[in-house]
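Here is what each chain is made of, one letter per residue.
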Amino acid sequence: MTRHDVIILGAGPAGLSAAAELHRLGIDDVVIVDREHTAGGIPRHCGHGGYGLLQFGRWMSGPEFAKQLVDNINVDQLKLGHTALKLEANGSVQITGPAGAHTLHGRKVLLAMGARETPRSARLVSGTRPWGVMTTGALQQFVYLHGKTPCQRPLVIGSELVSFSTLLTLRHVGIKPVAMIEEHSRISAWRPAEWIARLGFGVPVLTDCSDLRILGIDRVEALAFHHRGKRKQLECDGIIFTGRIRPESALLTQSHLQIDPHTQGPITDALFRCSDPAYFACGNLRTGVKTAGQCWREGKTAARAIHAKLKAEHV
Amino acid sequence: MLLEAGRDILSGASKGNSALLHTGFDAPDGSLELACMQRGYREYLEIHEHLNLPLLKSGAVVVAWNEQELEQLHVIISKAHGNGVTDVRQIDGNALRRNEPGLSTNALAGVCVPGESIIDPWSAPLAYAHQGIAHGGSVVRSCEVLSGNFDGVWHLQTTQGPIGCDRVINAAGNFGDHVEAINRPPPFTVTPRKGQFVVFDKPASRLLNAIILPVPTERTKGIVICRTAFGNVLVGPTAEDQQDRRAAEVDQASLKNLITRGIEILPGLADVDVTALYAGLRPATQFKDYQIEAQAERNWITVAGIRSTGLTSALGIAEHVAGLYAEHFGPLDDAQPIWTPVANLCEQAPRAYQSEKGTEIICHCESVTRGEIEAACEGPLPAVDIGGLKRRTRAMMGRCQGFYCSAQVMALTHGKINP
């Protein structure tokens, strides 16, 4: 077993900013575990701008923001390509990586595993199950990490902020979606976004859509739905389900930590502590849905809470 | 030579079932179905270790939820005993709750069927196919049989050109009657019966031990709740007749009904997320029993109408068909079996990520390694499409449904997998 002052699970904006803040406060016996091979979290594959202004004083793309986060920490603390398998009482974390499984022990463990979108299955959407149905996260990884365009004529489902990130991602590879489909009577993001979609992107926005039904055997061919009570069918070769962000909490549901049934993240107190005082949580794992900048800020605050606790326990 | 119309094996009726190994306790007595199920069950137990196939001996319990169903329990028991499944017995409500603490307290009593088991629905047929290839057989995929004529031998026209053969075995599942029409006016019509399923995330597997069965009706075995070999929990199937033989759609209303029923039976399911949805098409005909027969003078054997019990009876059907073949066309070589073990995908045995050093997990929800994904694209029957890759590895089948890994999986399999 390897012992550390702090184990951080998740090398995204929250986890990385916590590590940087812990360093500033003089805590350097820190290990940051991430299952990906590159640190930075979700911004790594948000190739469009909109990051960094409040945190680093300049307009950045997601990957630039991710790189800045990594530049602010001691990279020797990163343990990438390692998957956390189990959280145990009092701060023991089982992980596995290229060298096999082993256990890390942290005086404090900061959970910062982030969030993901709710896929089609958990939304109980009707229809067949062909290839081409995906989430924004998957689309962005295709586009920004692998240089691939998995569809040419997609439909975008949802109109949250992340849905506009989807539009930006598609525009980056020269793709104009067939339409944006929203179940509610108005879009979920702030109102002017609808005009941005319509005028800026030339994408029709259909609100009041219901009874979505996916068609196509091997590859998605169309989406049938009711639009303001009328049956409608739009041909497409991709359907991108956007938003409905939820904590990536699979590790928690199988642990001793208490879960908030509403947020599906861990129950935390005002100082980011979980039901086991060895564990802290921050960022989108704790409560969705925050921007990368907000996660960055919360990571920083959580780091201060951990620092205060470690100092108090030392006395 | 095995001809498959789909892009891969298991892409039709066999891709969506409840993944159970049945004892035949509730099968119609004297039926061919019962005989094949019980032969298949025995043979699976004999060979599963040689092929590295899982067997989760969970047992099943048929639960009575009302007085009417309670009265049916003794009928189920005497039927089971009549079918030779003699360890089937009734248990009272207290014993039921002791065995299944997660079950709703509305359960009155149950019938224990200790032999019912959980298996992996895809690895088993894949292992059988690998074994067939090792013995000199071949599998041709994307090869739809269009027509044929018989002049002492068969001349089949397929989407991959003409194929000649001495004898034909029609095991075309949901297209069984179409293929049969090449030989004769089909004496049966396939009307696919759709079964929809909801898969719950892995924490749900702590909620139950045995397979929870309802008291069956004339038409269907009803909604089953069970763990899967992959550590999830399954609720389904529905039973809906339809005309379309390819598209197995899920629909939200049915899915919601399944979830509601699931929560009524196992209240703890209310706190668990849905991981996946699927639907399968059972090749039902107007006859209850399997339609298996040989037309010796036509060099043809029909294997049709295999409904929901096909996974269990597959090996028994094979034995029966081999018997028919020997009877009409002469003895088959009694070769020593070559064992072709498949990769383990199940939680009961160590997975690749737990046993391989230096491995890299690509699909984090299902803990699928780079090595497993690469291996699925190699070998005698490699995955050629996404469905086949998913069934061989479970990649992209977990709670995030490819949010994290689909782009990387597609990059890894580029040129081998055709989306």
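Each residue is numbered by its place in its chain's sequence as written, counting from 1. Going through the entries in the order they are written, you letter the chains from A and number the ligands from 1. Two thresholds apply to this predicted model, a pLDDT of at least 70 for residue-level local features and 80 or more for giving and counting side-chain atom pairs, whereas whole-chain, interface and lining totals are computed over all residues. Computation of side-chain values: all heavy atoms of the structure, hydrogens and water removed.

Asks: Teacher, can you tell me more about the packing of aromatic side chains here?
Replies: In this description, a pair of aromatic rings is defined by centroid distance and the angle of the planes. Ring pairs shown here join Phe, Tyr and Trp side chains whose ring centres sit within 6.5 Å, with only the six-membered ring taken for Trp; geometry is labelled stacked below 30 degrees between planes, edge-to-face above 60, and tilted in between. A full pass over the atoms with the stated rule returns 10 aromatic pairs over all chains. With a centroid separation of 5.0 Å and 35 degrees between ring planes, the pair formed by F150 of chain B and W154 of chain B is classed as tilted. Here the term buried applies to any residue with accessible area under 20% of the maximum for its type, exposed to any over 50%, and partly exposed to those in between, with areas from a 1.4 Å probe on protein chains only. A relative accessible area of 22% means that F150 of chain B is categorised as partly exposed. In this structure W154 of chain B comes out as buried when scored by relative accessible area, which is 0%. Taken together, Y51, F56, F65 and W296 of chain A form an aromatic cluster joined through their ring pairs. A cation over an aromatic ring shows up here: R261 of chain B above the ring of W65 of chain B, its NZ or CZ 5.6 Å from the ring centre. Lying over the aromatic face of F230 of chain B, R394 of chain B brings its terminal NZ or CZ to 3.9 Å of the ring centre. Geometrically, a lysine NZ or arginine CZ counts as sitting over a ring once it is within 6 Å of the ring centre and also within 35 degrees of the ring normal.

Asks: What am I meant to see in the nonpolar core here?
Replies: Nonpolar side chains tend toward joint burial in soluble globular proteins. Residues belong to a common nonpolar core when they are buried Ala, Val, Leu, Ile, Met, Phe, Trp, Tyr or Cys residues joined through side-chain atoms within 4.5 Å. Core analysis: the biggest nonpolar cluster contains 51 residues, and F25 and Y44 of chain B have the highest contact counts within it. To qualify as a helix, a DSSP run of H or I must reach at least 4 residues; to qualify as a strand, a run of E must reach at least 2; elements of each kind are numbered from the N terminus. Of the residues forming this core, the biggest block, 5 residues, is contributed by helix 4 (residues 123-134) of chain B. Of the domains in this structure, domain 1 (1-56 + 120-190 + 286-341) and domain 2 (57-119 + 191-282) of chain B are the two that each give at least three residues to this core. In this structure, Y44 of chain B is in contact with L21, L53, P54, L55, I119, A124, Y128 and L315 of chain B, ignoring residues within four places of it in sequence. The next biggest cluster of nonpolar side chains, apart from the first, holds 38 residues, and it includes I175 and M180 of chain A together with C363 and L389 of chain B. Start and end points for every domain follow an automatic or database-based domain assignment. Whether two residues touch is decided by their heavy atoms; if any such pair falls within 4.5 Å, the residues are in contact.

Asks: Looking at this model, I keep getting lost on the pattern of salt bridges. Mind explaining?
Replies: If charged atoms from side chains of opposite charge come close, those side chains can pair. Each reported salt bridge corresponds to a side-chain nitrogen of Lys or Arg within 4 Å of a carboxyl oxygen of Asp or Glu. Per the stated rule, a full pass over the model turns up 34 salt bridges over all chains. One salt bridge connects R244 of chain A with E183 of chain A, and the closest N-O pair in it is separated by 3.1 Å. Taken together, the residues span a long stretch of sequence, with R244 of chain A in the loop between strand 18 (238-241) and strand 19 (245-247) and E183 of chain A in the loop between strand 13 (179-181) and helix 6 (192-200) at a distance of 61 residues. Here R370 of chain B and E374 of chain B are joined by a salt bridge, their closest N and O atoms 3.8 Å apart. Taken together, the residues span about one helical turn, with R370 of chain B and E374 of chain B both in helix 9 (residues 370-376) at a distance of 4 residues. Accessibility expressed as a relative area gives 29% for R370 of chain B, which makes it partly exposed.

Asks: How should I be thinking about the pairing of strand 14 (residues 224-227) of chain B in this particular structure?
Replies: Looking along a regular strand, one sees the side chains alternate between the two faces of the sheet. Residue and element names in this part refer to chain B. Every second residue of strand 14 is oriented toward a common face, with V224 and C226 on one face and I225 and R227 on the other, all of them buried. Criterion used throughout: strands pair if DSSP finds at least two bridges between them. Of the strand pairs in this sheet, strand 14 and strand 15 (residues 233-236) are connected by 4 bridges, and their pairing is antiparallel. What sits directly across from V224, in strand 15, is G236. Between the end of strand 14 and the start of strand 15, which pair antiparallel, lie 5 residues, with G231 showing a positive phi angle near 90 degrees.

Asks: What is the right way to look at the packing of helix 5 (residues 161-172) of chain A against helix 6 of chain A in this model?
Replies: All names here are of chain A. Where helix 5 contacts helix 6, the axes come no closer than 11 Å and their chain directions differ by 20 degrees. One finds that helix 5 runs roughly parallel with respect to helix 6. Both helix 5 and helix 6 take part in a crossing whose hand is left-handed. Contacts from F164, L167 and R171 in helix 5 reach A193, E194, A197 and G200 in helix 6. Basically, the charged four are Asp, Glu, Lys and Arg, the nonpolar ten are Ala, Val, Leu, Ile, Met, Phe, Trp, Tyr, Cys and Pro, and anything else, Gly included, counts as polar. Its residues placed into classes, the contact of helix 5 with helix 6 shows 4 nonpolar, 1 polar and 2 charged. For helices, the axis comes from a line fit to the C-alpha atoms of the stretch in contact; other axes are also lines fit to C-alpha atoms, and the angle between any two N-to-C directions lies between 0 and 180 degrees. Oblique is the label for every angle not falling under 35 degrees (roughly parallel), over 145 degrees (roughly antiparallel), or within 65 to 115 degrees (roughly perpendicular). Crossing handedness: left-handed means the near helix sits turned counterclockwise from the far one by under a right angle, and right-handed means the same turn made clockwise.

Asks: Even after reading the chapter, I still don't get a nonpolar patch on the surface, so can you show me in this structure?
Replies: Residue and element names in this part refer to chain A. Here the term patch refers to residues with relative accessible area over 30% and no salt bridge, with like charges joined within 9 Å and nonpolar side chains (Val, Leu, Ile, Met, Phe, Trp, Tyr) within 5 Å. Surface exposure here means Shrake-Rupley accessible area, sampled with a 1.4 Å probe, where a residue is shielded only by the protein chains that are shown. A cluster of nonpolar side chains, namely L161, W190 and I196, defines an oily patch on the protein surface of about 320 Å² accessible area. Note on placement: I196 falls in helix 6. A residue is classified by how much of its surface remains accessible, and I196, at 37% relative accessible area, is partly exposed.

Asks: Would you mind going over the side chain of Q196 of chain B with me for this structure?
Replies: Residue and element names in this part refer to chain B. Here Q196 shows up in strand 12 (residues 193-200). Here a polar contact means two N or O atoms within 3.5 Å. Within protein one must be a hydrogen donor candidate and the other an acceptor candidate, and residues neighboring in sequence count only if both atoms are side-chain atoms. Reaching out from Q196, the side chain makes a polar contact with the side chain of E240 at a distance of 3.1 Å. For Q196, the side chain forms a polar contact with the side chain of S254, separated by 3.5 Å.

Asks: Sorry, what's going on with helix 5 (residues 176-183) of chain B here?
Replies: Every α-helix carries 3.6 residues per turn, so stepping three or four residues along brings you back to the same face. Residue and element names in this part refer to chain B. Counting buried positions along helix 5 yields 6 of 8 residues, so the element is predominantly enclosed. When we look at burial in helix 5, the residues that qualify are G176, D177, V179, E180, I182 and N183. Buried positions along helix 5 lie against strand 8 (145-150), strand 9 (154-158), strand 11 (168-170), strand 18 (291-295) and strand 19 (300-304).

Asks: Mind showing me how you'd approach the domain arrangement of chain B here?
Replies: All names here are of chain B. One can read the domain layout of chain B as domain 1 (1-56 + 120-190 + 286-341), domain 2 (57-119 + 191-282) and domain 3 (352-412). The distance between the C-alpha centroids of domain 1 and domain 3 comes to 28 Å. Contacts between the two partners involve 13 residues from domain 1 and, on the opposite side, 10 residues from domain 3. The quantity reported as buried area is the accessible area (1.4 Å probe) lost by two parts once they are put together, taken as the sum for both. For the pair domain 1 and domain 3, the two sides together bury roughly 1000 Å², of which 63% comes from carbon and sulfur. Interface area lost by domain 1 to domain 3 is led by D8, W122 and R141, which between them contribute 47%. Linking domain 1 to domain 3 there are 2 salt bridges. One salt bridge connects D8 with R392, and the closest N-O pair in it is separated by 2.6 Å. One can count 3 residue pairs in polar contact (both at pLDDT 80 or more) joining domain 1 with domain 3.

Asks: When you look at unusual backbone geometry in this model, what are you seeing that I'm missing?
Replies: Glycine aside, negative phi is the norm for most residues, and most peptide bonds take the trans geometry. For the bond running from G236 of chain B to P237 of chain B, omega is 0 degrees, close enough to zero to count as cis. By secondary structure assignment, the location of P237 of chain B is in the loop between strand 15 and strand 16 (240-241). A positive phi angle, close to 65 degrees, is found at Q264 of chain A, a residue other than glycine. For Q264 of chain A, the position within the fold is in the loop between helix 7 (250-253) and strand 20 (279-281).

Asks: Teacher, can you tell me more about the interface of chain B and chain A here?
Replies: Accessible area lost during the coming together of the parts is what is often quoted as the interface size. Facing 44 residues of chain B, the contacting portion of chain A comprises 44 residues. Counting the surface lost from both chain B and chain A, the interface buries some 3700 Å², and carbon and sulfur atoms represent 57% of this. Remark: the boundary between chain B and chain A carries 3 salt bridges. Between R7 of chain B and D218 of chain A there is a salt bridge whose closest N-O contact spans 3.9 Å. Taken together, the connections running from chain B to chain A amount to 13 residue pairs in polar contact (both at pLDDT 80 or more).

Asks: Explain the side chain of Q38 of chain B to me, please; I cannot follow it from the model alone.
Replies: All names here are of chain B. With respect to the helices and strands, the residue Q38 is situated in helix 1 (residues 32-47). For Q38, the side chain forms a polar contact with the main-chain oxygen of N83, separated by 2.9 Å. In contact with Q38, other than residues within four places in its own chain, are T23, G24, N83 and V85.

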